[in-house]
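Topology and contacts: notes
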Amino acid sequence: MKSQAPYPKSYSFEFFPPKTETGREKLRQTYQQLGTLKPCYVSVTYGAGGSTRERTFQAVSDIKEGGLPVAPHLSCVGATRQTLREILNHYKSQNIRHIIALRGDLPSGSHQVGELRYANELVSFIREESGDHFFVEVAAYPEFHPQAPSAEADLKNFKRKVDAGADAAITQYFYNPDAYFRFVESCEKMGLELPVTPGIMPITNYQQLARFSDACGAEIPRWLRWRLQDYGDDIQSLRAFGLDVTTKLCADLLEGGAPGLHFYTMNQAGPTMAIWERLGLKSSPTK
Ligand code: FAD
């Protein structure tokens, strides 16, 4: 398969906004350590319904002051246009030029739907409000979004986001590279030319990974689930095995033409550093 992007590979790291001062200090150490790898950018998640708004602002501003290019996530569920406009203006005033646009998921039972229903509407809104100020990335699901009625419908919905003006996409994490390559092929067949960067979740803790996967619908293949379960409390062996599995996944993806890797770091530098070193990766080119 041909490489998706005519430029060198792009590497990025994702963080969540910490809740405490201790977490803030830990995040500072993490991005300083990962910053030595010269990522293309790092991103900071945003709680659906605005639950982390101030903490996301704080983390974005801390990271920016620390000298790293940063891309905030922004989700539209539960938000009014006016709130979204204020957030975009806040980022513009900080000279942030890169944003990850998402729908988000409200906690079950919440009735606060918001004025925009889907991420394609958020991408359109960002373009209406800000023209080309932001480089806009969206989410992609090689194993399909859990609420999609069919694979075809989900692909069409992905296309809506690109048609609305998305520049690039980052995938949900997955452990089956074929799903990614098939997804990219489907995008090419639909005439979509944007880079789709695989999201990589390092494996360090089976219970945590299973919990996340159940919550977001990401699939852990049975062979992997069973192997991980077998390690029980032997965390060291589980991590060594997890490192083998994720390093091989990353190597296969890069070799097959993926335009880069986006690591879900969980605010830990170690697991991502370990994969990076095993892969013998070079730093991202400076933008
Ligand atoms: P959409 O693209 O809107 O899709 C959601 C569902 O609706 C899909 O099933 C799709 O097929 C369907 N759909 C889409 N458009 C239409 C339409 N016009 N008509 C009918 N159906 C439609 N969540 C957060 O809360 N904060 C974050 O910071 C965050 N970061 C993320 C980063 C990445 C890289 C990824 C992959 C996910 C992230 N998420 C985050 C999770 C994300 O919000 C959820 O997966 C959410 O369920 C879907 O968001 P989306 O932007 O993909 O939604």
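Everything here concerns the structure above.
Let me sum up the structure you'll find in this document. Treat the numbers as computed from the prediction; the structure is a model and nothing was measured.

Description of the site of the ligand
Among the 24 residues in the neighbourhood of the ligand, the closest are listed as Y46, D105, Y141, D154 and K161. Within the contact set of the ligand, an oxygen atom lies 2.9 Å away from a side-chain nitrogen or oxygen of N157. Contact between the ligand and K161: an oxygen atom at 2.7 Å from a side-chain N or O atom of the residue. Relative to its free-state accessible area of 980 Å², the ligand is covered by the protein chains to the extent of 87%. When contributions to the shell around the ligand are tallied by element, the ones reaching two or more residues are α4 (119-130), α5 (151-163) and β6 (168-173). Here the shell around the ligand takes 4 residues from α5, the largest share from any one element.

Observations regarding the layout of surface pockets
Taken as a whole, the second largest pocket holds about 350 Å³ of empty space. Considering the residues around the second largest pocket, the lining is formed by 19 residues, among which P202, I203, T204, R239 and P271 are closest to the centre. Mapped onto the lining of the second largest pocket, the elements with two or more residues apiece are α7 (206-216), α9 (235-255) and α10 (270-279). Here the element with the most residues in the lining of the second largest pocket is α9; it accounts for 4 residues. Each residue belonging to the lining of the second largest pocket can be placed in one class, and the counts come to 11 nonpolar, 7 polar and 1 charged.

Quick word on empty space enclosed by the protein
Using the criterion set out here, one finds 1 cavity of 30 Å³ or more in the structure. In terms of lining, the largest cavity is formed by Y141, P142, E143, F144, Q172, Y173, F174, C216, G217, A218 and E219. The residue makeup of the lining of the largest cavity, split by class, is 7 nonpolar, 2 polar and 2 charged.

Some words on the packing of aromatic side chains
Enumeration according to the criterion identifies 10 aromatic pairs in this entry. Between F13 and F263 the ring centres are 5.9 Å apart and the planes differ by 40°, which places this aromatic pair in the tilted class. Residue F13 is found in strand β1 (residues 10-15), and its partner F263 is found in strand β8 (residues 260-264); the two are separated by 250 residues along the sequence. When sorted by exposure, F13 lands in the same class as F263, which is buried. Ring geometry for F158 against F183: centres 5.2 Å apart, planes inclined by 65°, an arrangement best described as edge-to-face. Of this pair, F158 sits in helix α5 while F183 is found in helix α6 (residues 177-189), placing the two residues 25 residues apart along the sequence. On the accessibility criterion, F183 (4% relative accessible area) is buried.

Let's talk about the packing of α9 against α10
The N-to-C vectors of α9 and α10 enclose an angle of 55°; their axes lie 10 Å apart at closest approach. Taken together, α9 and α10 sit at an angle that is classed as oblique. When you trace α9 past α10, the crossing you get is right-handed. Counting all contacts with α9, which are made through L243, D244, T246, T247, C250 and A251, the residues of α10 involved are A274, I275, R278 and L279. Its residues placed into classes, the contact of α9 with α10 shows 6 nonpolar, 2 polar and 2 charged.

Calculation rules
Residues numbered from 1 in each chain as written. Predicted model: local features only at pLDDT ≥ 70, side-chain atom pairs only at ≥ 80, totals over all residues. Heavy atoms only, no water. Near = heavy atom within 4 Å. Polar contact = N/O pair within 3.5 Å; in protein donor to acceptor, adjacent residues only side chain to side chain. Areas by Shrake-Rupley, 256 points an atom, 1.4 Å probe, with all protein chains shown as cover. Helix = DSSP H or I, 4+ residues; strand = E, 2+ residues; numbered from the N terminus. 1 Å grid on protein atoms, 1.4 Å probe; cavity = no way out; pocket = protein on both sides within 12 Å on 5 of 7 lines; lining within 4 Å. Points joined across faces, edges and corners; volume = space filled by probe spheres on them. Nonpolar A, V, L, I, M, F, W, Y, C, P; charged D, E, K, R; others polar. Phe/Tyr/Trp six-rings, centres within 6.5 Å; stacked < 30°, edge-to-face > 60°. Buried < 20%, exposed > 50% of the residue type's maximum accessible area, 1.4 Å probe, protein only. Axes fitted to C-alpha atoms, helices over the stretch in contact; angles between N-to-C directions. Parallel < 35°, antiparallel > 145°, perpendicular 65-115°, else oblique. Left-handed = near helix turned anticlockwise from the far one by under 90°. Contact = heavy atoms within 4.5 Å.

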